[in-house]
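Summary of the model geometry
Next come the chains, spelled out residue by residue.
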Amino acid sequence: LQTLRRRAGVAPSQICLAGFSQGAMVAVDLALDAPEPCAGVVALSGFVMCVEDWARKLQGKKGLRVLQLHGLEDRTIPYYTAPWLRDLLQTNGARVTFLPQACSHECGPASASAILAFLAGLF
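Numbering of residues starts from 1 in every chain and runs along the sequence as written. Confidence filtering applies because this is a predicted model: local features only for residues at pLDDT of at least 70, side-chain atom pairs given and counted only at 80 or more, and all residues used for totals across whole chains, interfaces and linings. The basis for every side-chain value is the complete set of heavy atoms in the structure, and neither hydrogens nor water enter the calculation.

Structural notes on the environment of Ala-110
Helix and strand assignments come from DSSP, with helices taken as H or I runs of at least 4 residues and strands as E runs of at least 2, each series counted from the N terminus. When you line up the elements, Ala-110 lands in helix α5 (residues 109–122). In this structure, the C-alpha to C-alpha distance between Ala-110 and Gly-40, residues 70 residues apart in sequence, is 19 Å.

Some words on the sheet that holds strand β1 (residues 16–20)
Remark on secondary structure: sheet strands pair via backbone hydrogen bonds, oriented parallel or antiparallel. Read across the sheet, four strands follow the order β1-β2-β3-β4 without closing on themselves; strand pairing throughout is parallel. With one partner strand each, in any of the chains shown, β1 and β4 (95–101) form the two edges of the open sheet. In this sheet, adjacent strand axes meet at a mean angle of 10 degrees when their direction is disregarded. Strands are labelled as partners when DSSP assigns at least two bridges between them. In terms of strand pairing, strand β2 (residues 40–44) meets strand β3 (residues 65–71) through four bridges, oriented parallel. Within the sheet, the bridge partner assigned to Val-42 lies in β3 and is Leu-67. It only takes one pair of heavy atoms within 4.5 Å for two residues to be counted as in contact. The angle between two axes is taken between their N-to-C directions and runs from 0 to 180 degrees, where each axis is a line fitted to C-alpha atoms and a helix contributes only its stretch in contact. The strands that helix α4 (residues 82–91) touches are β3 and β4; relative to β4, the one it contacts most, it runs at about 170 degrees. Its contacts with the sheet place α5 against β1, β2, β3 and β4, and it is angled at close to 175 degrees to β3.

Some words on the side chain of Lys-57
Checked against the element boundaries, Lys-57 lands in helix α3 (residues 51–58). Accessible area is worked out with a 1.4 Å probe on protein chains only. A residue is then buried under 20% of its type maximum, exposed over 50%, and partly exposed in between. Judged by its relative accessible area of 17%, Lys-57 is buried.

Considerations on the packing of helix α2 (residues 22–33) against α3
Between α2 and α3, the shortest axis-to-axis distance is 9 Å and the interhelical angle comes to 40 degrees. Classified by the angle between their axes, α2 and α3 sit oblique to one another. Two packed elements cross with a definite hand, and for α2 against α3 that hand is left-handed. Across the interface between the two elements, Met-25, Val-28, Asp-29, Leu-32 and Asp-33 of α2 pack against Asp-53, Trp-54, Lys-57 and Leu-58 of α3. Three categories are distinguished: nonpolar for Ala, Val, Leu, Ile, Met, Phe, Trp, Tyr, Cys and Pro, charged for Asp, Glu, Lys and Arg, and polar for the others, with Gly belonging to the last. Across the contact of α2 with α3, the residue classes break down as five nonpolar, no polar and four charged. Throughout, the term roughly parallel applies to angles under 35 degrees, roughly antiparallel to angles over 145, roughly perpendicular to angles from 65 to 115, and oblique to all others. Rotating anticlockwise by less than a right angle from the far helix to the near helix defines a left-handed crossing, while the corresponding clockwise rotation defines a right-handed one.

If you want it as structure tokens, here you go:
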């Protein structure tokens with residue numbers, strides 16, 4: 001992330017990390033490991049990867065903005081797991097926008113609209 005930031009010439013506050021499924025977990029983990037806070041994270045159909053580790057790292061990232069989207073019909077990462085991630089993030093100081101979506105394990109037009117609105121609010 002630091003190499004990309006240097007090459008692109010952008011500040012961490014101009015970066016929003018995003019990922020789908022396992023990529024959502026990677027995006028959250030990367031945001032928590034980054035030495036400087038990023039603008040936000042978009043997590044689509046993700047899961048809690050490292051509960052204790054993330055809870056500890058979130059202590060230094062209070063106010064991290066997160067858009068979490070998850071399909072109500074998701075059978076790959078079942079919807080009932082989505083509140084686990086939301087609750088971990090919120091309990092430890094992240095500012096989470098949690099939006100259940102009427103879909104399965106996918107990103108559709110409703111997801112794109114929500115992401116654009118989130119990004120507009122960041123920048």
